Amino acid sequence: MIREPARSDLDLGILARLHNVTKAYHTRHGELLACDQINLTVRKGGSVGIVGESGSGKSTLVRILQLIVRPTEGEVWLDEVRVSSLPERKLKPYRRNVQFVAQDPFGSLFPHMTVIQNVMEPLYVHGIGDRTSREGIALALLEQVGLSSDHLFVYPHEISGGQQQRVAIARALSLSPQLLILDEAVASLDVSIQAQVLNLLQELKKGLGLTFVFVSHNLAVIRQICDETVVMYLGRIVEQGNSRELFRNPSHPYTQALVRSIPAFTATGVTPLPPGKLMTGELVNSSGTSQGCSYYPRCPFAERVCLNENPELRQLRDGRWVSCHFAERLGAFSE
Amino acid sequence: MTDLLKIEDLHVVFSSTGTVVRALNGLDLSLPVGHAIAIVGESGSGKSTLASAIMRILPSTSSTSGRVLFDGQDLLGLPSKEMRLIRGRSISMIFQNPTMYLNPTKTVGQQIIEPLLYHHLATPAQARKKAIDLLDQVGIPDPDHRFRNYPFEFSGGMLQRAMIAMALITDPKLLIADEPTTALDVTVQAEILVLLKALRKDRGMSLIFVTHDLAVAAQIADEIYVMYGGLVVEHINSSKIVTERAHPYLGGLIRSIPRVDVDPGPLYFIPGQPIRVGEELPPGCVFAARCQYRQPICKERPALLPVSQSHDVACWLPLKEGSA
């Protein structure tokens with residue numbers, strides 16, 4: 001197998017880094033580890049996709065990156081600064097660098113403001129420029145996301161969902177953030193509109209060198225726009241690597257189940273429904289209690305060692321990271 | 001083959017103070033006994049209205065015309081008393097969000113047996129036995145114990161399985177599933193689809209599967225009806241959906257969905273917006289405003305006409321095989 005040049009050859013540096021990040025919530029049923037010792041590096045100009053089922057901790061992870069949720073343990077680094085140890089009042093300039101686009105565009109826009117006012121608002125909050133210059137920035141951004149001048153002075157409810165999402169993206173870009181986080185940002189859009197927004201994100205990535213973290217349950221969408229994919233299961237990263245490689249040859253049994261479940265078109269038809277059972281049993285949240293692999297209760301390949309020993313996240317020879325005792329055996333092309 | 005369900009020229013209009021929304025505008029469809037069809041469309045296309053119109057569970061602000069022939073009987077003409085004997089017995093329905101359709105204060109078991117008791121089809125003891133058998137069939141482990149659980153004790157996927165058990169307990173001839181897997185994780189979705197497919201085959205039951213996801217539709221159904229603007233614009237065998245699709249709308253939809261078997265590049269997209277709810281339909285072809293092949297003739301509404309066996313399309317200039 002020809003090995004691709006290591007990503008670090010093209011590196012512009014590291015933008016954000018999570019180091020051993022753990023977030024525990026205290027519930028009636030004891031401690032719940034939403035994120036369990038997460039290490040994640042986001043490189044400048046990179047695009048990282050995060051997938052996982054509901055409850056896998058992906059939303060908590062991005063909230064930690066957004067500096068909205070503080071980790072219980074571990075460090076958050078943003079552009080060479082350890083922001084996790086800064087007091088709240090000093091975070092504002094860093095928040096400016098990390099912007100967010102939510103799933104529901106209408107719910108996240110200010111309904112009482114026009115489109116252009118929505119885009120100008122973050123500039124006002126951060127005290128950037130005067131009214132005229134703020135208007136100039138907003139106009140340029142709205143043009144960049146493909147909204148015509150007819151849409152500048154209307155209210156969010158007067159435009160379609162796809163257009164609303166463009167406004168939300170323009171607003172997120174208004175502070176020239178280094179990192180854009182998109183949480184299920186195309187999930188509520190119809191497919192013909194979704195395609196336009198995905199193309200826009202690709203253009204912004206190329207044009208502005210934008211770095212983004214994209215959370216989605218739609219694996220085909222992740223593969224479409226993210227260089228790198230992170231698969232989460234019960235608060236832990238179970239597999240991480242180059243998107244195309246990971247989808248072509250998933251190594252962790254959970255990633256395999258995910259990839260085999262994607263309904264998608266091929267040149268001649270549609271992918272078949274997976275034969276037989278993908279997983280055994282049900283989601284069991286054993287995080288924090290069991291010493292074994294958290295996927296053990298559902299894994300069709302589990303052996304005794306999986307019950308007793310939690311597999312470390314380790315790097316395979318093709319550069320990807322997997323936490324499974326049998327990754328080499330399960331990934332057909334890995335060694 | 002005989003049709004279990006045949007819909008002719010179905011119109012549904014919602015009217016409230018001053019506004020009129022035409023949700024279905026003369027829809028024709030037929031479902032042969034034992035077949036599965038999928039109704040596919042983007043938001044506002046009328047697909048859920050269609051599902052609810054068959055069940056006659058639309059709100060009172062709507063008026064329905066046309067014919068919905070089920071087993072030769074026009075459901076729209078039935079007195080509501082007789083419709084109640086069909087609903088939940090010969091025709092069952094499952095929905096997108098099972099937590100919203102289950103009563104949180106009653107056990108799952110109590111709710112699963114309710115259709116049997118309502119229709120006087122079994123004694124409570126018989127019903128309980130049948131329910132536990134069914135819970136086992138839909139893949140719920142330890143059904144005896146699960147029967148006594150409350151909905152909050154189930155995961156989303158397990159609740160949808162319980163809903164399926166409830167829908168099947170009266171051995172209906174037709175199951176209508178309205179976006180039943182949309183709220184579920186992708187692995188759970190695949191499992192529910194596999195389950196529905198197997199149950200349908202075992203029971204010879206017919207299925208109407210309503211979804212916005214074209215790939216899911218092609219996985220579960222024999223035939224696909226593509227809706228746009230409250231009309232069927234194409235009806236095609238699901239195995240031919242990629243190779244023989246003829247309507248430019250369906251062609252565009254397929255191309256705008258990200259593929260996982262080719263290198264990612266810019267996606268095709270259909271320009272413009274779908275017709276919004278309440279928007280007046282154009283007098284001509286409903287898709288003309290967004291169609292790249294638009295011609296003067298498209299100012300007239302094309303009828304849904306056969307191009308080959310069980311393949312109909314409403315377009316003056318249908319796409320050729322292999323073209324985009």
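Residues numbered from 1 in each chain as written. Chains lettered and ligands numbered in written order. Predicted model: local features only at pLDDT ≥ 70, side-chain atom pairs only at ≥ 80, totals over all residues. Heavy atoms only, no water.

1. A short note on the overall build of chain A
Part 1 of the reasoning: Helices and strands together make up the secondary structure of chain A, namely twelve helices and twelve strands.
Part 2 of the reasoning: Scaling as 2.2 N^0.38, a compact globule of 335 residues should have a C-alpha radius of gyration of about 20 Å, and chain A matches this with 21 Å.
Part 3 of the reasoning: Along the three orthogonal principal directions, the C-alpha set of chain A runs to about 65 × 55 × 45 Å.
Part 4 of the reasoning: Entry remark: accessible area of chain A is about 15,100 Å², with carbon and sulfur atoms responsible for 51%. (Helix = DSSP H or I, 4+ residues; strand = E, 2+ residues; numbered from the N terminus. Rg over C-alpha atoms; globule rule 2.2 N^0.38 Å. Areas by Shrake-Rupley, 256 points an atom, 1.4 Å probe, with all protein chains shown as cover.)

2. Remarks on the packing of helix 7 (residues 156–168) of chain B against helix 8 (residues 186–203) of chain B
All names here are of chain B.
Part 1 of the reasoning: The N-to-C vectors of helix 7 and helix 8 enclose an angle of 15 degrees; their axes lie 10 Å apart at closest approach. Comparing their axes, helix 8 and helix 7 come out roughly parallel. Note that helix 7 runs across helix 8; the crossing there is right-handed. Touching Gly157, Gln160, Arg161, Ile164 and Leu168 of helix 7 are Val188, Glu191, Ile192, Leu195, Leu196, Leu199 and Arg203, all from helix 8.
Part 2 of the reasoning: Residues of the contact of helix 7 with helix 8, tallied by class, amount to seven nonpolar, two polar and three charged. (Axes fitted to C-alpha atoms, helices over the stretch in contact; angles between N-to-C directions. Parallel < 35°, antiparallel > 145°, perpendicular 65-115°, else oblique. Left-handed = near helix turned anticlockwise from the far one by under 90°. Contact = heavy atoms within 4.5 Å. Nonpolar A, V, L, I, M, F, W, Y, C, P; charged D, E, K, R; others polar.)

3. So, the sheet that holds strand 7 (residues 179–183) of chain A
Residues and elements named next belong to chain A.
Part 1 of the reasoning: Across the sheet, eight strands lie side by side as 6-7-8-3-9-10-12-11; this open sheet has mixed pairing. Single-partner strands in this sheet number two, and they are strand 6 (98–101) and strand 11 (314–315).
Part 2 of the reasoning: Taken together, the six bridges between strand 9 (residues 228–233) and strand 10 (residues 236–242) define a ladder with antiparallel strand orientation. Residue tyrosine 233 lies in a different strand from strand 10, and its bridge partner there is arginine 236.
Part 3 of the reasoning: With respect to the sheet, helix 7 (residues 191–208) is in contact with strand 3 (47–51), strand 7 and strand 8 (211–215), its orientation differing from that of strand 8 by roughly 155 degrees. (Pairing = 2+ DSSP bridges.)

4. Regarding the pattern of salt bridges
Part 1 of the reasoning: Evaluation of the coordinates by the stated rule reveals 24 salt bridges over all chains.
Part 2 of the reasoning: With its nearest N and O atoms 3.2 Å apart, the salt bridge here joins arginine 161 of chain B to glutamate 191 of chain B. Of this pair, arginine 161 of chain B sits in helix 7 while glutamate 191 of chain B sits in helix 8, and the two are 30 residues apart along the sequence.
Part 3 of the reasoning: Through salt bridges with shared partners, a single ionic network connects Arg70, Glu88 and Arg95 of chain A. (Salt bridge = Lys/Arg side-chain N within 4 Å of Asp/Glu carboxyl O.)

5. A few points about the environment of glycine 88 of chain B
Residue and element names in this part refer to chain B.
Part 1 of the reasoning: With respect to the helices and strands, glycine 88 occurs in the loop between helix 2 (80–86) and strand 6 (91–94).
Part 2 of the reasoning: Between the C-alpha atom of glycine 88 and that of phenylalanine 269, which follows or precedes it by 181 residues, the distance is 40 Å.
Part 3 of the reasoning: What glycine 88 contacts, discounting residues up to four positions off in sequence, is Met55, Pro115, His119 and Thr170.

6. Some details on the packing of helix 4 (residues 108–118) of chain B against helix 5 (residues 124–137) of chain B
Residue and element names in this part refer to chain B.
Part 1 of the reasoning: The N-to-C vectors of helix 4 and helix 5 enclose an angle of 135 degrees; their axes lie 9 Å apart at closest approach. Considered as vectors, helix 4 and helix 5 are oriented oblique to each other. Between helix 4 and helix 5 lies a crossing of right-handed hand. Within the contact between the two elements, helix 4 uses Ile112, Ile113, Leu116 and Leu117 and helix 5 uses Pro124, Ala127, Arg128, Lys130, Ala131 and Leu135.
Part 2 of the reasoning: Within the contact of helix 4 with helix 5, the residues separate by chemical class into eight nonpolar, no polar and two charged.

7. A look at the interface of chain B and chain A
Part 1 of the reasoning: The interface is formed by 46 residues belonging to chain B together with 42 residues belonging to chain A.
Part 2 of the reasoning: Note on chain B versus chain A: buried area summed over both sides is about 3,900 Å², and carbon and sulfur give 59% of it.
Part 3 of the reasoning: At the boundary of chain B and chain A, one finds one salt bridge.
Part 4 of the reasoning: Residue aspartate 263 of chain B pairs with arginine 244 of chain A through a salt bridge whose shortest N-O separation is 3.5 Å. (Buried area = accessible area lost by both parts, 1.4 Å probe.)

8. Quick look at the nonpolar core
Most often, soluble globular proteins have nonpolar side chains that are buried together.
Part 1 of the reasoning: Leu5, Leu50, Ile208 and Ile241 of chain B are the most contacted members of the largest nonpolar core, which totals 106 residues.
Part 2 of the reasoning: Considering each element in turn, this core owes the most residues, nine residues, to helix 7 of chain B.
Part 3 of the reasoning: Val186, Ala220, Val259 and Tyr295 of chain A belong to the second-largest nonpolar core, a separate cluster that totals 67 residues. (Core = buried A, V, L, I, M, F, W, Y, C linked by side-chain atoms within 4.5 Å. Buried < 20%, exposed > 50% of the residue type's maximum accessible area, 1.4 Å probe, protein only.)

9. Details of helix 10 (residues 253–261) of chain A
Part 1 of the reasoning: Most of helix 10 of chain A sits out of view: eight of its nine residues are buried.
Part 2 of the reasoning: Along helix 10 of chain A, the positions that sit buried rather than exposed are Pro253, Tyr254, Thr255, Gln256, Ala257, Leu258, Val259 and Ser261 of chain A.

10. A word on the confidence of the model for chain A
Part 1 of the reasoning: Averaged over all residues, the pLDDT of chain A equals 88, while 92% of them reach at least 70.
Part 2 of the reasoning: Counting interchain partners and residues more than four positions distant, the pLDDT-below-50 stretch residues 1–9 of chain A has six contacts. (pLDDT = per-residue confidence, 0-100.)

11. Let's talk about the pairing of strand 8 of chain A
All names here are of chain A.
Part 1 of the reasoning: Most of strand 8 sits out of view: five of its five residues are buried.
Part 2 of the reasoning: Looking at chain direction, strand 3 and strand 8 are connected through four bridges and run parallel. Each bridged residue has a counterpart across the sheet, and for glycine 49 the counterpart in strand 8 is phenylalanine 214.
Part 3 of the reasoning: Across five bridges, the pairing between strand 7 and strand 8 is parallel.

12. Some points on a nonpolar patch on the surface
All names here are of chain B.
Part 1 of the reasoning: Where nonpolar side chains cluster on the molecular surface, the patch consists of Ile297, Trp316 and Leu317 and spans about 250 Å² of accessible area.
Part 2 of the reasoning: Here tryptophan 316 is to be found in the segment after strand 12 (311–313).
Part 3 of the reasoning: On the basis of relative accessibility, which here comes to 35%, the residue tryptophan 316 falls in the partly exposed class. (Patch = residues over 30% accessible without salt bridge, like charges linked within 9 Å, V, L, I, M, F, W, Y side chains within 5 Å.)

13. Thoughts on the side chain of threonine 211 of chain B
Residues and elements named next belong to chain B.
Part 1 of the reasoning: Along the polypeptide, threonine 211 turns up in strand 8 (residues 206–211).
Part 2 of the reasoning: Judged by its relative accessible area of 3%, threonine 211 falls in the buried class.
Part 3 of the reasoning: Of the polar contacts made by the side chain of threonine 211, one reaches the backbone nitrogen of aspartate 213; its length is 2.9 Å. (Polar contact = N/O pair within 3.5 Å; in protein donor to acceptor, adjacent residues only side chain to side chain.)

14. Here we look at the sheet that holds strand 2 (residues 19–32) of chain B
All names here are of chain B.
Part 1 of the reasoning: In spatial order, the strands read 2-1-4-5; together these four strands make up an open sheet with antiparallel pairing. Edge positions in the open sheet fall to strand 2 and strand 5 (73–74), since each of these has one partner strand only.
Part 2 of the reasoning: When strand 4 (residues 62–70) meets strand 5, the two strands line up antiparallel, connected through two bridges. The partner of phenylalanine 70 across the bridge, within strand 5, is glutamine 73.
Part 3 of the reasoning: Across the face of the sheet, helix 1 (residues 47–55) comes into contact with strand 1 (3–16), strand 2 and strand 4 while running at roughly 110 degrees to strand 1.

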